[in-house]
Amino acid sequence: MTDPGATPVISVRDLRRTYRKGPTETVVLRGVTFDVRRGEFVAITGASGSGKSTLMNVLGLLDQPDAGTYLLDGADVSRADDDARSALRSRHLGFVFQQFHLMERSTALENVMLPLLYVADDPADGEARAHAALNAVGLGHRLTHRPGELSGGEQQRVAIARALINDPSLLLADEPTGNLDERNGAELLALLRSLASAGRTIVMVTHDAGVAARADRVLVMRDGQLAATAR
Amino acid sequence: MTAPARPPHARRLWRQARLSVRLLAAHRLRTVLSASGLVAGVATVMVMVALGRGAERRVVDRVRALGTDLLVVTAAPAPRVAGRVRQVATTTLLRPTDAQAILDQVPRARAAAPAVHRTLVVRADGRNTTVAVTGTTPDGLRIRGISAARGRVHDEHEERERRRVAVVGPVLAATLFGADDPIGRELRIGTTPFEIIGVSRPRGVDPGGADLDNAVAIPLETALRRVVNVPYVDALYVQGRGTAELEALEGDVRVMLRERHRIRDGAPEAFTVQNQAVILRTERAAARALDRLTVGVAALAVVVGGIGIFAVMLISVRERTREIGLRRALGARRSDIRAQFVTEASLLAVAGGAGGVAVGVLVTLLGAALASWTLVIPWSAAAASVAASALLGIAVGTVPAARAARLEPIEALRAG
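Residues numbered from 1 in each chain as written. Chains lettered and ligands numbered in written order. Predicted model: local features only at pLDDT ≥ 70, side-chain atom pairs only at ≥ 80, totals over all residues.

*Asks:* How would you explain the overall build of chain B if you had to name every residue and give the values?
*Replies:* Helix and strand counts for chain B come out as 13 helices and 10 strands. Out of the 416 residues belonging to chain B, those deemed buried represent 40%. Considering only contacts within chain B whose residues lie at least 6 apart along the sequence, 82% involve residues at least 24 apart. (Helix = DSSP H or I, 4+ residues; strand = E, 2+ residues; numbered from the N terminus. Buried ≥ 20, exposed ≤ 12 C-beta atoms within 10 Å, placed from the backbone. Contact = placed C-beta atoms within 7 Å.)

*Asks:* Can you explain the interface of chain B and chain A? Please cite residues and give values.
*Replies:* With 23 residues of chain B in contact, the opposing surface of chain A contributes 24 residues. When residues of the side of chain B that touches chain A are traced back to their parent elements, those giving at least two are α1 (9-26), α10 (321-329), α11 (334-370) and α13 (409-414) of chain B. Ranked by residue count, the leading element in the side of chain B that touches chain A is α10(B), at five residues. Of the residues assigned to the side of chain B that touches chain A, the class counts are 14 nonpolar, one polar and eight charged. (Nonpolar A, V, L, I, M, F, W, Y, C, P; charged D, E, K, R; others polar.)

*Asks:* A description of the nonpolar core should follow, citing residues and the corresponding values.
*Replies:* Within the largest apolar cluster, 119 residues are counted, with the highest numbers of intra-cluster contacts made by A:Val112, A:Ala161, B:Met46 and B:Ile309. Non-local contacts of B:Met46, meaning those with residues more than four positions away in its chain, are made with B:Gly356, B:Val357, B:Gly360, B:Val361, B:Thr364, B:Pro378, B:Ala381, B:Ala382 and B:Ser385. Counting residues in hydrophobic clusters, the runner-up holds 55 residues, among them B:Leu71, B:Ile102, B:Val165 and B:Leu212. (Core = buried A, V, L, I, M, F, W, Y, C linked by C-beta atoms within 7 Å.)

*Asks:* So, the confidence of the model for chain B: which residues are in play, and what are the values?
*Replies:* Residues and elements named next belong to chain B. Confidence along chain B averages 84 in pLDDT terms, with 92% of residues attaining 70 or more. The spread of mean pLDDT over the elements of chain B runs between α1, the lowest at 73, and strand β5 (residues 165-168), the highest at 95. Confidence over residues 1-6 falls short of pLDDT 50; this stretch has 12 contacts with residues more than four positions distant or in other chains. Scored below 50 in pLDDT, residues 83-89 shows four contacts in the model against residues more than four places distant or in partner chains. Note on the complex model: pTM 0.69, ipTM 0.93. (pLDDT = per-residue confidence, 0-100.)

*Asks:* Please set out the sheet that holds strand β5 (residues 75-76) of chain A residue by residue, giving values where relevant.
*Replies:* Residues and elements named next belong to chain A. Taken in spatial order, the four strands make up an open sheet running β2-β1-β4-β5, and their pairing is antiparallel. Each edge of the open sheet carries a strand with a single partner, namely β2 (24-36) and β5. Alignment of strand β4 (residues 67-72) against β5, held across two bridges, turns out to be antiparallel. Paired with Leu-72 across the bridge in β5 is Ala-75. (Pairing = 2+ DSSP bridges.)

*Asks:* Please provide a residue-by-residue account of the pairing of β4(A), values included.
*Replies:* Each regular strand carries side chains that alternate between the two faces of the sheet. All names here are of chain A. In this sheet, β4 lies alongside strand β1 (residues 10-21) in antiparallel orientation, the contact comprising five bridges. Looking at the pairing, Val-12 lines up with Tyr-70 of β4. Count of turn residues in the β4/β5 antiparallel hairpin: two residues, of which Asp-73 carries a positive phi of about 55 degrees.

*Asks:* Let's hear about the packing of α11(B) against helix α12 (residues 379-406) of chain B: which residues, and what values?
*Replies:* Residues and elements named next belong to chain B. For the pair α11 and α12, interaxial distance at closest approach is 7 Å and the crossing angle is 150 degrees. In terms of their interaxial angle, α11 and α12 are classed as roughly antiparallel. As for how α11 packs across α12, the hand of that crossing is right-handed. Tallied by class, residues from the contact of α11 with α12 come to 21 nonpolar, nine polar and three charged. (Axes fitted to C-alpha atoms, helices over the stretch in contact; angles between N-to-C directions. Parallel < 35°, antiparallel > 145°, perpendicular 65-115°, else oblique. Left-handed = near helix turned anticlockwise from the far one by under 90°.)

*Asks:* Please give an account of the environment of A:Arg85 that cites residues and values.
*Replies:* Residues and elements named next belong to chain A. Relative to the helices and strands, Arg-85 is located in helix α2 (residues 82-92). Judged by the 22 C-beta atoms lying within 10 Å of it, Arg-85 is buried. A C-alpha to C-alpha distance of 9.7 Å links Arg-85 and Gln-64, two positions 21 residues apart in sequence. Excluding anything up to four places from it in sequence, Arg-85 contacts Leu-61 and Ala-80.

*Asks:* Which residues make up helix α6 (residues 170-177) of chain B, and what values go with them?
*Replies:* Residue and element names in this part refer to chain B. Within α6, the full set of buried residues consists of Leu-172, Ala-173 and Leu-176. The buried residues of α6 occupy an angular sector of 100 degrees when projected down its axis, which confines them to one face. Tucked into the core, α6 has its buried residues touching β2 (111-124), β3 (127-136), β5, β7 (192-200) and β8 (215-219). Just beyond α6, the residue with positive phi is Gly-178, at close to 60 degrees. (Arc of directions from axis to C-beta.)

*Asks:* Talk me through the environment of B:Ala381; I want residue IDs and the actual numbers.
*Replies:* All names here are of chain B. For Ala-381, the position within the fold is in helix α12. Accessibility expressed as a C-beta count within 10 Å gives 23 for Ala-381, which makes it buried. On a C-alpha basis, the gap between Ala-381 and Met-46 in space is 6.9 Å, while along the polypeptide they are 335 residues apart. For Ala-381, the contacting residues outside a window of four places in its chain are Val-45, Met-46 and Val-49.

*Asks:* Quick rundown of the confidence of the model for chain A? Include the residues and the values.
*Replies:* Low pLDDT means the predicted coordinates in that region are not meant to be read closely. Looking at chain A, the pLDDT average stands at 90 and 95% of residues meet or exceed 70. The least confident element of chain A, judged by mean pLDDT, is strand β10 (residues 225-230) of chain A at 74; the most confident is strand β8 (residues 202-206) of chain A at 96.

*Asks:* Let's hear about unusual backbone geometry: which residues, and what values?
*Replies:* Residue and element names in this part refer to chain A. Positive phi outside glycine occurs at Phe-100, with the angle close to 65 degrees. Looking at where Phe-100 falls in the secondary structure, it is placed in the loop between β6 (93-96) and α3 (108-113). On the basis of neighbour count, Phe-100 is assigned to the buried category, with 22 C-beta atoms found within 10 Å. For His-101, which is not glycine, the phi dihedral falls at a positive 55 degrees. Structurally, His-101 is set in the loop between β6 and α3. A tally of 21 C-beta atoms within 10 Å means that His-101 is categorised as buried.

*Asks:* Before we move on, can you summarise the packing of helix α9 (residues 276-319) of chain B against α11(B) with the specific residues and values?
*Replies:* Residue and element names in this part refer to chain B. Viewed as axis vectors pointing N to C, α9 and α11 meet at an angle of 145 degrees, and their least axial separation amounts to 10 Å. Note on packing geometry: the crossing formed by α9 with α11 is right-handed. Mapping the contact onto sequence places Gly-305, Ile-309, Met-313 and Val-317 in α9 and Phe-341, Ala-345, Leu-348, Ala-349 and Gly-352 in α11. Along the lines of polarity and charge, the residues of the contact of α9 with α11 split into seven nonpolar, two polar and no charged.

*Asks:* Requested: an account of helix α5 (residues 152-164) of chain A, with residues and values cited.
*Replies:* All names here are of chain A. An ideal rise of 1.5 Å per residue puts 18 Å on 13 residues; α5 measures up with 19 Å between its terminal C-alpha atoms. The element α5 is extensively covered by neighbouring structure, given that 12 of its 13 residues are classed as buried. Where α5 is concerned, the buried positions are Gly-153, Glu-154, Gln-155, Gln-156, Arg-157, Val-158, Ala-159, Ile-160, Ala-161, Arg-162, Ala-163 and Leu-164. Looking at the buried side of α5, the elements it contacts are β6, α3, α4 (126-136), β7 (170-174) and α6 (182-197). (Expected span 1.5 Å × (residues − 1).)

*Asks:* Account for the environment of A:Ala120, naming residues and giving values.
*Replies:* Here A:Ala120 is to be found in the loop between α3 and α4. A sequence separation of 30 residues divides A:Ala120 from A:Ser90, and the C-alpha atoms of the two residues are 9.6 Å apart.

Take a look at the structure:
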């Protein structure tokens, strides 16, 4: 085995994805190739319809490429079956969504503990881990609050704590600031920045160039391909 | 890359169940509404079974109270089927000597006694009431279980001497004399005065529902000569040596009576033999048939309840599409989602079944307390209801669960 530090977290080669709806074919990804190194904070940006969301879904193992390879932590996952992808999502990936996607009737703590239901670990220390995760995002004082009792910024931080509870190799954030006002958005980006500084690998999709600029590296999607890589 | 090991099934099921309980508790109103059909169905079944078992027990108790080793020969032809009624039924005239003959010639008979029955007005202390009057020998009293709670019953001497002595039932005693001691007091049956020598022990009601304690018993000969004025009796009580032998005894008694009354072979009998063992068996069979009917109704009620849960589960899957998408993104496999909804449906059904049992038991207890139902709580039916509910939940949860599991995570996350 090679030094894990040297293996990219993400290594995609010539990813292609075509949607078929009846006779019409829509080519969404036309050969995407890039790596993300461990500890990198990468933004994927582009106009709507550029394919960035599809790329995100493929990276998140929610969608499968028609062609090309996707190595996650050095293992080829591009042809993994549904159960295997589920298991990989629970172990290796953490998701942050634009709409937060919190369970309205559950407390912050319960929301953060949700992913534990689908991993092999005995969740005996689950509550302690969830508590720690909420502390890490600055919500140690909001454990028993329900989403409705939290501000948008707080809700998104609960979602980040949830994404990190299983200590994933990769944090995938899809327009994480899309539903936040400027101040809360800035705070959230600061939180992502500090996570990246602490060694967390983050891929963030955004249409906002200002948000993308906070990442270490920006990948610009245009018409299903990477147009440029900016530092 | 292989999928990481999963926790054992039992533990996963437990975690799933806890989660489902929390979700059901969170959606309290929907949970209650969806289970209410099953609650009503199971409660109805419980009450029906309780009523059926109660009725069965009452009948069996009454038949038993008379003794299951008893034949009652009555001087009336067995009911004829329509169309044969034209053949005028001749009534066999049973005489007291028939009882003695049975005792002498049928070894299977342990005891035999003749009896007359009338419903007559009795008077005492200025009050009058209509009661069942039985004239029978001391043996007859023993066979019918008439014994004295206070005072005594008549003996062979009084029987032979045609003494005007009477044993009153406790209900009749209370009607005529209230709390006063009736022993030694006068009682008129029709116009004939009798001396009350005893009050019988309570005997309850007979299989026909008549109150055996609102009655008076007098010596047979007294009854024949002073009350009914005929030399014939209405019934012969024949006691066998056990329930098992009763049918053989019945055959013996029939043969003997046909001979004594010169009924030709093939001619219809002009008497009826009532076999307590057969009555008991018949009542039991009827109760079992009713039980089968109840099971049918139960199945129907439970299916209706199941449809309610099915509908609510389908709605639930639609409403929670985003939640399903989220769970899939967080690592739930299709089978995890399926297990979640099946577990939820069966928990809902079990809760409904258990609720129905609780309501049914409550109604039965209330009925016993307020409406004097015979209290029988059918625990076997309760257990069966809950078990059937669990299976039902799994059955009706399968389709909604499959629908939930089929959802594609991306589309599910975008929903609503």
